[in-house]
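Coordinate inspection notes
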Amino acid sequence: MRNESRISKLVSRARRSAKRCSADPGPFQALRSVTAPALQRTTPQQRRAALRPGHDSIAKAGHRVTERAMTRGVIAATFILSLVVSTPASAYVAYVSNEKSNTVSVIDTDTWAVTATIKVGQRPRGIEFTRDGRFVLVAVGDDDTIELIDAATHQIVDKLPSGPDPELFVQDQSGKTLYVANENDNTVTIIDLEKRVRTGDVQVGVEPEGMAISPDGKILINTSETTNMAHFIDTATRQIVGNVLVDSRPRFAEFKRDNSELWVSSEIGGTVSVIDPGKREVTGKISFAVPGMRREAIQPVGIAMTADGATAFVALGPANRVAVVDAKTHEVKKYLLVGQRVWHMAFTPDEKYLLVTNGVSNDVSVIDVAAQKVFKTIQVGELPWGITIAPK
Amino acid sequence: MIRAMAAALLLCALGGMARAAEPVEIRIGYLGRAASTPTLSLLDQPAPDDGLAGARLAIEDNNTTGRFLNQRFTLDDIRLKDGDDPAKAAVALADRGTGFIITDLAADDLLQAADAVHDRGVMLLNAGAIDDRLREQDCRGNVLHTAPTRSMLADGLAQYLVWKQWKRWLLVVGSHDEDKAFGDALRRAATRFGAKIVQERVFEDTGGARRTDSGVTLIQRQMPVFTQSAPAYDVLVAADESEVFANYLPYRTWDPRPVAGSAGLKPVSWDAAQDQWGAVQMQNRFMKLNARRMSARDMQAWIAARMIGEAASRGNSAEPKALRAVLHGPDFAIAAFKGQRLSLRDWNGQLRQPILLVDGRMVVSVSPQEGFLHQFSELDTLGVDRPETKCKLK
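Here the residue numbering is sequential within each chain, running from 1 through the sequence in written order. Written order decides the labels, with chains lettered from A and ligands numbered from 1. With pLDDT at 70 or above as the cut-off, local features in this predicted model cover only qualifying residues; side-chain atom pairs require 80 or more to be listed or tallied, and sums for whole chains, interfaces and linings still use all residues. In computing side-chain properties, one takes all heavy atoms of the structure into account and sets aside hydrogens as well as water.

If you open the UniProt record of chain B and go to Sequence similarities (unreviewed entry), you find "Belongs to the leucine-binding protein family." UniProt positions are given in the numbering used here, feature names are shortened, and annotations may be inferred rather than shown by experiment.

Our next topic: the overall build of chain A. Counting from the N terminus, the helices are the DSSP runs of H or I reaching at least four residues and the strands are the DSSP runs of E reaching at least two. Within chain A, the secondary structure is distributed over four helices and 28 strands. For the exposure calls, accessible area comes from a 1.4 Å probe over protein chains only, and a residue counts as buried if that area is under 20% of its type's maximum, exposed if over 50%, partly exposed in between. In chain A, which comprises 392 residues, the proportion classed as buried is 57%. The contacts of chain A with a sequence gap of at least 6 include a subset with a gap of at least 24, amounting to 43%. A 1.4 Å probe and the Shrake-Rupley method give the accessible areas. Residues count as covered only by the protein chains that appear here. Approximately 15,900 Å² of chain A is accessible, and the part contributed by carbon and sulfur atoms is 51%. We call two residues contacting when some pair of their heavy atoms lies within 4.5 Å.

For each structure, a 1 Å grid was placed over the protein atoms alone; sets of points admitting a 1.4 Å probe that cannot get out are labelled cavities, open sets with protein on both sides within 12 Å along at least five of seven lines are labelled pockets, and lining residues have an atom within 4 Å of a point. Grid points are joined across faces, edges and corners, and a volume is the space filled by probe spheres set on the points. Here the structure, examined in full by the defined rule, presents four cavities of 30 Å³ or more. By volume, the largest cavity amounts to about 70 Å³. Around the largest cavity, the lining is made up of 13 residues, and of these Arg 249, Glu 267 and Ile 268 of chain A together with Trp 277 and Gly 339 of chain B lie nearest the centre. Side-chain classes are defined by residue name, with Ala, Val, Leu, Ile, Met, Phe, Trp, Tyr, Cys and Pro counting as nonpolar, Asp, Glu, Lys and Arg as charged, and the others, Gly among them, as polar. Among the residues forming the lining of the largest cavity, the class breakdown is five nonpolar, three polar and five charged. In this structure, the second largest cavity spans a volume of roughly 60 Å³. Contributing to the lining of the second largest cavity are Glu 225, Thr 226, Asn 228 and Arg 249 of chain A together with Trp 302, Arg 306, Ala 335, Ala 336 and Phe 337 of chain B. The class makeup of the residues in the lining of the second largest cavity is four nonpolar, two polar and three charged.

Let us now look at helix α8 (residues 279-290) of chain B. The end-to-end C-alpha separation of α8 of chain B is 16 Å, in line with the 16 Å expected for 12 residues at 1.5 Å each. Within the span of α8 of chain B, buried status applies to Ala 279, Gln 281, Met 282, Gln 283, Arg 285, Phe 286 and Asn 290 of chain B. Against β8 (166-171) of chain A together with α2 (52-69) and α9 (296-315) of chain B lie the buried residues of α8 of chain B. Looking one or two places after α8 of chain B, you find Ala 291 of chain B, whose phi comes out positive at around 55°. Expected helix span is given by 1.5 Å per residue-to-residue step, counting one fewer step than there are residues.

A separate point is the state of the cysteines. Residues and elements named next belong to chain B. Whenever a pair of cysteine sulfur atoms sits within 2.5 Å, that pair is classed as a disulfide. Overall, the coordinates contain one disulfide over all chains when judged by the stated rule. At a sulfur-sulfur separation of 2.1 Å, the disulfide partner of Cys 139 is Cys 391. Classification of the bridge connecting Cys 139 and Cys 391 rests on its S-S torsion, roughly 90°, and on that basis the disulfide is right-handed. Here Cys 139 is found in the loop between β4 (123-126) and β5 (143-145), whereas its partner Cys 391 is found in the segment after β14 (363-367), with 252 residues between them in sequence. Residues Cys 139 and Cys 391 agree in their burial class; the two are buried.

Right, let's get into the pairing of strand β9 (residues 177-182) of chain A. Residues and elements named next belong to chain A. Burial analysis of β9 places six of its six residues in the buried class, the great majority of the element. Going residue by residue along β9, you find Thr 177, Tyr 179 and Ala 181 tucked away on one face and Leu 178, Val 180 and Asn 182 tucked away on the opposite face as well. Think of it this way: DSSP has to see at least two bridges between two strands before they count as a pair. Pairing geometry for β8 and β9, over four bridges, is antiparallel. Within the sheet, the bridge partner assigned to Pro 166 lies in β9 and is Asn 182. With antiparallel pairing between neighbouring strands as the criterion, β8 and β9 make up a hairpin whose turn holds five residues, including Gly 175 at a positive phi of roughly 75°. The pairing of β9 with strand β10 (residues 187-192) spans six bridges and is classified as antiparallel. Across the sheet, residue Thr 177 finds its bridge partner in β10, namely Asp 192. Counting the residues that bridge the hairpin from β9 to β10 gives four residues, and of these Asn 186 lies at a positive phi of roughly 55°.

In structure tokens:
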């Protein structure tokens, strides 16, 4: 009861401020759903802010509601967890890059706990296990390099000559060649992973970012954020053989395993373009609409698809949601509420769980893939960005 | 004879092939001012190519993209000295085949230039003038605006001050027309967002140099006296676009209070310290090309030239008419390192954009602030909204 009166006070406050902003009298219907997600989640910063006198009462009220929701969440999570624990343990380990902390958090997927925090270079973002599972590669953009973490010892054992400001990268199937997007000089750098030397560059569009390799290994995809294209690069000749225009600020590219489709997310455009890799043209676009959410807040970034090509998950950034998409019909089935500014994601190898990084709320949400439900949140370092998972 | 004809035919064919391989050219004009007014701080003195440098970077970016689409962008600039006719200059650019002109002109000059090329189908992109009237009673169908308005700037600042609970303002307004216009925008913002102006003072410009050898001694005696005996207030808000007094105020007010507006915490469209949302790449590119930091005017011109590039790649065309159709289309949006898509207000051609609040070293905050809601776009909580507009596009 007390809570309800607080919420109604909050809504009327929001109404008053909306009134001040506009002469239009009718946005209140949407207000409830706009404020609702904000109430369900608060960051430590907001919690701290709520403790300061005279500050944002939205954060304060949100804090109380969150605690209640959390208690309920914890009970539910404990219940689910007890079910999970009773099944045979899946021995996986997840590495999460924390962009602000300059660390990598190591998560054990048996206990869903952080078991180690590794200090790395400045501004870690893109992160991947090597194909043999022995090392974790992490792009530390402000140090202009990619560091190799030994997965057994958690020590940084080497650095790769990546070119300036590396962000995302992709390995070929054999794990011998690494392709790196260098945001600062409009190039994709090619690195021999065995010799750990740079073997070439490909000139691409402005601000290269997303990287993907076709299942047959013949085509490398790079997306350029200001040019707004997916560049098709022949991995044998290292020449651009096609360019496909997509919506604004393409950030991530993902092939279906049967090579039938290439998906590219556009952060500012708010869409995922579905491209026919053979014809090299956009054959469909997936749009997202969260009730009460302004168009500007829906910013698709990370994409993950199940191996059977049936279901896809798309991180929607500051919309704080992961969209569940039927990968065959391209229909959005569901939106899962996760943490704030959701970035990237990775499946556990058995595809039972999907872990997503929440940049602003400093945590990782764990999604039960079959149930399509978020069942766990794990606190990590500051501004978690990338994630990679492998068997222990 | 036959040989000659064959040779001529071959030449024609070769010429035709060469033309087909040549990229199509998209000419963009830039119409700016040659001189700038002196500022109080040497650090604020604009570079000679302020604005133009941003357009140049966008041309490079457009050309990197253009390589893949067989498009080439060129920039043709004219800088007006005092007394030069803006209409003539705009016509001269149109004569050179320019379908778009980026302008950094005073309001009246901009209107003259826009009207002079209206019938020739030339579109202007205003990257300099912040006057609300250009988007309201004096709006033009052939002008888009990438510069924010005074009211957008004032609203961006007001939302933050209200969020910060600094709701009692001492407003100090300069004596020039543009100072008064900013004062009006701040007064409107206070009413909209629930701040209270406890008192208003006018700082008369009595003339005098902005540089003197013993300046500080005098200023630190004048400013405390000028701000003495004010009713209780939280923040001094200054409107001084003419660079007469505002930057003298921080640390010199009678009561120890922060300063905002034209000094202290300033609302701007861009700042050299902005590093969120991928902006570092932009700052690095700008620095590499121009060997200096990027100003708000540079960014406004960059966005203008990028909008034309974006329209050219979306429309896959070099025809100004086709590009204008893309720009006016309902889905047009541009990415500009401000964390969200920027779109155009269809009722007056103004670019919606977040407003940065900066202190000269850091970006302190970005408006719209959390909690200021809007039924269409939160960016429309900044500036004059659709139901209030006086613009009737022609």
